[in-house]
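Understanding the architecture of this molecule
The lines below spell out each chain.
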Amino acid sequence: PLVIAQSCVHPLNVAKTTLQTANGPAALRAMTSGGLFSMATWRHLSRGLGAQALLSMPNGAINFCVMEGTRRFICSVAPRGGALIDATTAAAGTAVATVVSLPQSILNDRIMGGAHQNLVEALRAVGWRGLYPR
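Residues numbered from 1 in each chain as written. Predicted model: local features only at pLDDT ≥ 70, side-chain atom pairs only at ≥ 80, totals over all residues. Heavy atoms only, no water.

Before going further, it helps to examine the overall build of the chain. The helix and strand inventory of the chain stands at 7 helices and 0 strands. Secondary structure elements in the chain, listed N-terminal to C-terminal, are α-α-α-α-α-α-α. Computed over the C-alpha atoms, the radius of gyration of the chain is 18 Å, more than 25% above the 14 Å expected from 2.2 N^0.38 for a compact globule of 134 residues. Per-residue burial over the chain gives 29% buried out of 134 residues. Considering only contacts in the chain between residues 6 or more positions apart, those separated by 24 or more positions represent 64%. When the accessible surface of the chain is split by element, carbon and sulfur atoms take 67% of a total near 8,500 Å². Between the averaged position of the 11 positive side-chain charges in the chain and that of its 4 negative side-chain charges there is a distance of 7 Å. (Helix = DSSP H or I, 4+ residues; strand = E, 2+ residues; numbered from the N terminus. Rg over C-alpha atoms; globule rule 2.2 N^0.38 Å. Buried < 20%, exposed > 50% of the residue type's maximum accessible area, 1.4 Å probe, protein only. Contact = heavy atoms within 4.5 Å. Areas by Shrake-Rupley, 256 points an atom, 1.4 Å probe, with all protein chains shown as cover. Lys, Arg positive; Asp, Glu negative; His and termini not counted. Charge placed at Lys NZ, Arg CZ, Asp CG, Glu CD.)

In structure tokens, the structure reads:
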């Protein structure tokens, strides 16, 4: 479900990322100059979709596993459920999933911004150390 949701809004995310670049509005106008439904426009708006889908899967899996593990632990100690347990498990899952989501964000932003053509090229340019900036 996470992959599908992120894939559906991906074109909007590409447009937003393009607008945030140095020549954003001009780049977005050039990108859509052939009309919104032209093949060239969709080629630009789908830039980085493969990387997004590929990297969303481990992010969602880690988040889910940590949330469920945390929920089981908390419920074994304090069996009364509630919103506090939900918030705690969601926070734990999101915090641990950051190990995957941070590199995902860095690589996707570079691909969507047009700095790199694909995931392999972006990973080579950024390097493993560049995935976790200080």
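Alright, that's what it looks like, and here's the rest.
Direction vectors running N to C along helix 5 (residues 49–77) and helix 6 (residues 83–112) enclose 165°, while the axes themselves pass 7 Å from each other. It follows that helix 5 is roughly antiparallel to helix 6 by the angle criterion. The element helix 5 and its partner helix 6 pack so that their crossing is right-handed. When the residues that make up the contact of helix 5 with helix 6 are grouped by side-chain class, the tally is 16 nonpolar, 12 polar and 2 charged. (Axes fitted to C-alpha atoms, helices over the stretch in contact; angles between N-to-C directions. Parallel < 35°, antiparallel > 145°, perpendicular 65-115°, else oblique. Left-handed = near helix turned anticlockwise from the far one by under 90°. Nonpolar A, V, L, I, M, F, W, Y, C, P; charged D, E, K, R; others polar.)

The next point concerns a nonpolar patch on the surface. Taken together, the side chains of Val99, Leu102 and Tyr132 make up a nonpolar region of the molecular surface, amounting to roughly 260 Å² of accessible area. Structurally, the position occupied by Tyr132 is in the segment after helix 7 (119–126). Judged by relative accessible area, Tyr132 falls into the partly exposed class, the value being 42%. (Patch = residues over 30% accessible without salt bridge, like charges linked within 9 Å, V, L, I, M, F, W, Y side chains within 5 Å. Salt bridge = Lys/Arg side-chain N within 4 Å of Asp/Glu carboxyl O.)

Turning to the pattern of salt bridges, a few remarks are in order. If the charged atoms of two oppositely charged side chains come close together, the side chains can form a pair. For the structure shown, the criterion picks out 2 salt bridges. Of the charged contacts in the structure, one is a salt bridge between Glu68 and Arg71, with a shortest N-O distance of 3.8 Å. Of this pair, Glu68 and Arg71 both sit in helix 5, 3 residues apart, which is roughly one turn of the helix. Between Asp86 and Arg71 there is a salt bridge; the shortest N-O distance is 2.8 Å. Here Asp86 is found in helix 6, whereas its partner Arg71 is found in helix 5, with 15 residues between them in sequence. Under the relative-accessibility criterion, Arg71 is labelled partly exposed at 22%. Within this structure, Glu68, Arg71 and Asp86 form a network of salt bridges that share partners.

Turning to its location among the elements, Gln104 is positioned in helix 6. Along the backbone, Gln104 and Gln52 are 52 residues apart, and their C-alpha atoms lie at a distance of 7.2 Å. Ignoring sequence-local partners within four residues, the contact set of Gln104 consists of Gln6, Gln52, Leu55, Ser56 and Asn59.

So, about the packing of helix 6 against helix 7. The description of two packed helices rests on the angle between their axes and on the distance between the axes. Here helix 6 crosses helix 7 at 115°, and the two axes come no closer than 10 Å. As far as their axial angle goes, helix 7 and helix 6 are roughly perpendicular. The element helix 6 and its partner helix 7 pack so that their crossing is right-handed. Packed against helix 6, whose contacting residues are Ile106, Leu107, Arg110 and Ile111, the element helix 7 presents Leu119, Ala122, Leu123 and Val126 at the interface.

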